[in-house]
Amino acid sequence: MAWNIEYYSPELEQEVLGIPEGLLARYLHLTELMIEFGSNLGMPHTKAIDKGLFELRLKSKEGIARVFYCTKVGKRIVMLHVFVKKTQKTPKKDLKLAIQRMKEVSNDES
């Protein structure tokens, strides 16, 4: 059974689809692999961040982006937040937003 990719909101899906072309191509390639093989592709593609929170690591000539995600029962991967990195460290506000959204998704039993 293949994995299913979902988005926190339709706005987030549009935001992800709006990242620079090279990063988007990388995102689409890695999500195809996630659908086939599961949410943990290992470094350098995916990395565990916090209890249940992971990041999809995107890199291309346009720069570096991260997509935070979590998994749910039934082979569901939920994309929570996307941002293009401008510094080495992940901004705290982006991490806090992803954690908040993960809690909302976890409490939602749909």
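Rules used throughout
Residues numbered from 1 in each chain as written. Predicted model: local features only at pLDDT ≥ 70, side-chain atom pairs only at ≥ 80, totals over all residues. Heavy atoms only, no water. Helix = DSSP H or I, 4+ residues; strand = E, 2+ residues; numbered from the N terminus. Contact = heavy atoms within 4.5 Å. Expected span 1.5 Å × (residues − 1). Buried < 20%, exposed > 50% of the residue type's maximum accessible area, 1.4 Å probe, protein only. Arc of directions from axis to C-beta. Pairing = 2+ DSSP bridges. Axes fitted to C-alpha atoms, helices over the stretch in contact; angles between N-to-C directions.

Re the environment of Val 84
Link 1 in the chain: Locating Val 84 in the fold gives a position in strand E5 (residues 76-85).
Link 2 in the chain: Considering only alpha carbons, one finds Val 84 and Val 73, 11 residues apart in sequence, at a separation of 29 Å.
Link 3 in the chain: With residues up to four places along the chain from it excluded, the contact list for Val 84 reads Pro 20, Leu 23, Ile 64 and Ala 65.

Things to note about unusual backbone geometry
Link 1 in the chain: Between Met 43 and the following residue, Pro 44, the backbone shows a cis peptide bond with an omega angle of 5°.
Link 2 in the chain: Take Pro 44: it is sitting in the loop between helix H2 (21-37) and strand E2 (46-50).
Link 3 in the chain: Look at Lys 75: it is not a glycine, yet its phi comes out positive at around 55°.
Link 4 in the chain: As for its position among the elements, Lys 75 is in the loop between strand E4 (63-72) and E5.

Some thoughts on H2
Link 1 in the chain: Given a rise of 1.5 Å per residue, 17 residues ought to cover 24 Å, and the 24 Å separating the end C-alpha atoms of H2 matches this to within 8%.
Link 2 in the chain: Within the span of H2, buried status applies to Leu 23, Leu 24, Tyr 27, Leu 30, Thr 31 and Met 34. Buried positions in H2, seen along its axis, are confined to an arc of 135° and lie on one side of it. Across from the buried face of H2, at angles greater than 90 degrees, the exposed residues are Glu 21, Glu 32, Glu 36 and Phe 37.
Link 3 in the chain: On its buried side, H2 packs onto strand E1 (4-7), helix H1 (10-17), strand E3 (53-60), E4 and E5.

Things to note about the sheet that holds E1
Link 1 in the chain: Taken in spatial order, the five strands make up an open sheet running E1-E5-E4-E3-E2, and their pairing is mixed. With partners counted over all chains shown, the strands left at the sheet margins are E1 and E2, one partner each. For this sheet, the mean inter-axis angle between neighbouring strands, taken without regard to orientation, is 35°.
Link 2 in the chain: Relative to the sheet, H1 contacts E1 and E5, its axis offset from that of E5 by approximately 50°.
Link 3 in the chain: Along the sheet face, helix H3 (residues 92-107) touches E2, E3, E4 and E5 and points at about 165° away from the line of E5.

Observations concerning the pairing of E4
On a regular strand, one side chain projects to one face of the sheet and the next to the other, so that they alternate.
Link 1 in the chain: Across the 10 residues that make up E4, a large majority, seven, are buried.
Link 2 in the chain: Pairing analysis gives seven bridges linking E3 to E4, with the strands arranged antiparallel. Across the sheet, residue Lys 59 finds its bridge partner in E4, namely Ile 64.
Link 3 in the chain: The antiparallel hairpin formed by E3 and E4 contains two residues in its connecting segment.
Link 4 in the chain: Examined bridge by bridge, E4 and E5 share nine bridges and lie antiparallel to one another. Bridged to Ala 65 within E5 is Val 84.
Link 5 in the chain: The turn joining E4 and E5, which pair antiparallel and follow one another in sequence, is formed by three residues; a positive phi near 90° is taken by Gly 74.

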